[in-house]
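Okay, here's what each chain looks like letter by letter:
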Amino acid sequence: MQQASELVTALTDFARGDEQIILADVNSNFDQSSSDLAASNVYSYFTSCGYRCAYQTMAAKAAAQRYSHYTTWAGWASGDFMSCCD
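Before going into details, it helps to say that this report is about the structure given with it.

Regarding the pairing of strand β3 (residues 72–76)
If a strand is regular, its side chains alternate between the two faces of the sheet. Across the five residues of β3, zero count as buried, placing the element largely on the outside. Pairing analysis gives five bridges linking β3 to strand β4 (residues 79–83), with the strands arranged antiparallel. Within β4, the position partnered with Ala 74 by the bridge is Phe 81. Connecting the antiparallel pair β3 and β4 is a turn made up of two residues.

Right, here's the structure in full:
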């Protein structure tokens, strides 16, 4: 949490009012049977600071369309890996 707090403070100071985007894997869990994120502490902290999950926002806008339950899909020798990363 300290790193997340320091990041938000540094970005706020650096951006000086401009929009900010954080690309990070904060280890939030995603239940594929639900459209809700079971957020980790860092995700909850970011959302309380006003940040939004782009994936969740786009999924809500495309509610009438089929939307993927994963954001990462990688092929490995042992099989495919699919996951929703924040």
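Examining the nonpolar core
Grouped burial of nonpolar side chains is what soluble globular proteins tend to show. One finds Ala 4, Val 8, Val 26, Tyr 43, Phe 46, Tyr 51, Cys 53 and Tyr 55 forming the largest nonpolar core, which totals eight residues. Among the elements of the structure, α1 (2–15) and α2 (41–48) are those that each provide at least two residues to this core. With sequence-adjacent residues up to four places away left out, Ala 4 is seen in contact with Val 42, Tyr 45 and Phe 46.

Focus: the packing of α1 against α2
Packing of α1 against α2 brings their axes to within 10 Å, and their N-to-C directions diverge by 25°. Relative to α2, the element α1 is oriented roughly parallel. Crossing of α1 over α2 shows right-handed handedness. Between α1, through Ala 4, Ser 5, Leu 7 and Val 8, and α2, the contact on the second element is made entirely by Val 42, Tyr 45 and Phe 46. Classifying every residue of the contact of α1 with α2 by side-chain character gives six nonpolar, one polar and no charged.

What counts, and at which threshold
- Residues numbered from 1 in each chain as written.
- Predicted model: local features only at pLDDT ≥ 70, side-chain atom pairs only at ≥ 80, totals over all residues.
- Heavy atoms only, no water.
- Buried < 20%, exposed > 50% of the residue type's maximum accessible area, 1.4 Å probe, protein only.
- Helix = DSSP H or I, 4+ residues; strand = E, 2+ residues; numbered from the N terminus.
- Pairing = 2+ DSSP bridges.
- Core = buried A, V, L, I, M, F, W, Y, C linked by side-chain atoms within 4.5 Å.
- Contact = heavy atoms within 4.5 Å.
- Axes fitted to C-alpha atoms, helices over the stretch in contact; angles between N-to-C directions.
- Parallel < 35°, antiparallel > 145°, perpendicular 65-115°, else oblique.
- Left-handed = near helix turned anticlockwise from the far one by under 90°.
- Nonpolar A, V, L, I, M, F, W, Y, C, P; charged D, E, K, R; others polar.

Read these as geometric descriptors, not functional statements.
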